[in-house]
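Here is what each chain is made of, one letter per residue.
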Amino acid sequence: MITTTTTNPVLRVAPAAPAEAAAYFRASLAFHADVSDVAAALTADGDPGFVVVDSRSTESWDQGHLPGAIHLPTALIPEQAGQLLDRSVPVVTYCWGPGCNGATRAALALAELGYQVKEMLGGFEYWAREGFAYETWQGPARRDADPLTAPVEGECGC
């Protein structure tokens with residue numbers, strides 16, 4: 001291992017060895033899904049193979065939620081998950097956005113109950129910012145895609 005002393009804040013702590021980095025990033029993909037991948041799976045023909053859970057309050061749900069999502073606030077997971085979810089179907093949780101760890105707490109609660117679960121990175125904020133349709137208490141809604149979070153045309157290529 002080569003150790004370098006530097007004042008560069010990025011390299012002050014050396015990058016992980018490639019094999020360690022690959023293991024970390026592989027594991028990360030087992031725990032997370034991004035908004036665009038969730039949207040693509042939900043809008044494709046056929047069963048997406050997972051169910052989406054919105055872990056926010058009723059007021060937040062009414063403000064906007066993913067079409068077809070199940071509303072299950074985190075605090076109610078222990079008592080209601082068994083009636084609303086099938087343990088054989090993977091779950092994708094979401095909350096408000098990247099500044100909120102509600103989806104992480106919901107994913108933990110579901111995993112502790114024996115569900116396979118992933119967290120949707122970006123949450124409802126990035127769902128709306130990327131221009132995907134959502135539902136409100138007033139009916140369907142959609143915003144124009146924010147060019148800082150989604151390409152104006154086509155796919156991002158990542």
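Everything discussed here concerns the structure shown above.
Note that the structure is a prediction, hence the values are computed from the model and not measured.

Analysis parameters
Residues numbered from 1 in each chain as written. Predicted model: local features only at pLDDT ≥ 70, side-chain atom pairs only at ≥ 80, totals over all residues. Heavy atoms only, no water. Helix = DSSP H or I, 4+ residues; strand = E, 2+ residues; numbered from the N terminus. Buried < 20%, exposed > 50% of the residue type's maximum accessible area, 1.4 Å probe, protein only. Contact = heavy atoms within 4.5 Å. Areas by Shrake-Rupley, 256 points an atom, 1.4 Å probe, with all protein chains shown as cover. Lys, Arg positive; Asp, Glu negative; His and termini not counted. Charge placed at Lys NZ, Arg CZ, Asp CG, Glu CD. Core = buried A, V, L, I, M, F, W, Y, C linked by side-chain atoms within 4.5 Å. Salt bridge = Lys/Arg side-chain N within 4 Å of Asp/Glu carboxyl O. Pairing = 2+ DSSP bridges. Right-handed = clockwise from strand over helix to strand, strands pointing away. Axes fitted to C-alpha atoms, helices over the stretch in contact; angles between N-to-C directions.

Secondary structure assignment for the protein yields 6 helices and 7 strands. Its C-alpha atoms put the protein at 55 × 40 × 30 Å along the principal axes. Of all 158 residues assigned to the protein, the portion counted as buried reaches 34%. In the protein, of all internal contacts separated by at least 6 residues, the share reaching a separation of at least 24 is 62%. Roughly 10,100 Å² of accessible area belongs to the protein as shown, and the carbon and sulfur atoms make up 57% of that amount. Of the charged side chains in the protein, 9 are positive and 19 negative; the average position of the first set lies 7 Å away from that of the second.

Here the focus is the environment of valine 52. Following the sequence through the fold, valine 52 ends up in strand 2 (residues 51-54). Beyond its immediate sequence surroundings of up to four residues, valine 52 is in contact with Val38, Leu42, Leu66, Ala69, Ile70, Val92 and Tyr94.

This next bit is on the nonpolar core. For soluble globular proteins, the rule of thumb is that nonpolar side chains tend to be buried together. Among the nonpolar cores identified, the biggest contains 16 residues, and Val38, Val52, Leu66, Tyr94, Met120 and Trp127 are the most heavily contacted of them. Elements that contribute at least two residues to this core include exactly helix 2 (35-43), strand 4 (91-94) and helix 6 (123-129). Excluding residues that lie within four positions of it along the chain, methionine 120 makes contacts with Ala33, Asp34, Val35, Val38, Leu66, Val92, Thr93, Tyr94 and Trp127. Grouped together as the second largest cluster of nonpolar side chains are 13 residues, Leu85, Ala107, Leu110 and Val117 included.

To continue, consider the pattern of salt bridges. Here the structure, examined in full by the defined rule, presents 3 salt bridges. Note that glutamate 125 is salt-bridged to arginine 129, the shortest N-O span being 3.2 Å. Separated by 4 residues within a single helix, glutamate 125 and arginine 129 lie in helix 6, roughly one turn from each other. When its relative accessible area of 34% is taken as the criterion, glutamate 125 is described as partly exposed. When the shortest N-O distance is used, the salt bridge between aspartate 146 and arginine 129 registers 2.6 Å. Of this pair, aspartate 146 sits in the segment after strand 7 (139-141) while arginine 129 sits in helix 6, and the two are 17 residues apart along the sequence. Pair check on accessibility: aspartate 146 and arginine 129 agree, each one buried. Taken together, the shared-partner salt bridges in this structure form one network comprising Glu125, Arg129 and Asp146.

This part takes up the side chain of threonine 136. Here threonine 136 shows up in strand 6 (residues 134-136). Beyond its immediate sequence surroundings of up to four residues, threonine 136 is in contact with Asp62, Gln63, Gly64 and Ala141.

Looking now at the pairing of strand 5 (residues 117-121). Bridge count for strand 1 (residues 32-34) against strand 5 is 3 bridges, and the pairing is parallel. Across the sheet, aspartate 34 pairs through a bridge with leucine 121, a residue of strand 5. Pairing between strand 4 and strand 5: 3 bridges, direction parallel. Looking across to strand 5, one finds that valine 91 is bridged to valine 117. With helix 5 (residues 102-112) bridging strand 4 and its parallel neighbour strand 5, the resulting β-α-β unit is right-handed.

Judged by pairing direction, the sheet is parallel, and its 5 strands sit side by side in the order 1-5-4-2-3 without closing on themselves. The sheet is open, and its two edges are formed by strand 1 and strand 3 (70-71), each paired on a single side. Contacting strand 1 and strand 5, helix 1 (residues 18-31) crosses the sheet at an angle of about 95° to strand 5. Where helix 2 meets the sheet, its contacts fall on strand 1, strand 2, strand 4 and strand 5, and the angle it forms with strand 1 comes to roughly 75°.

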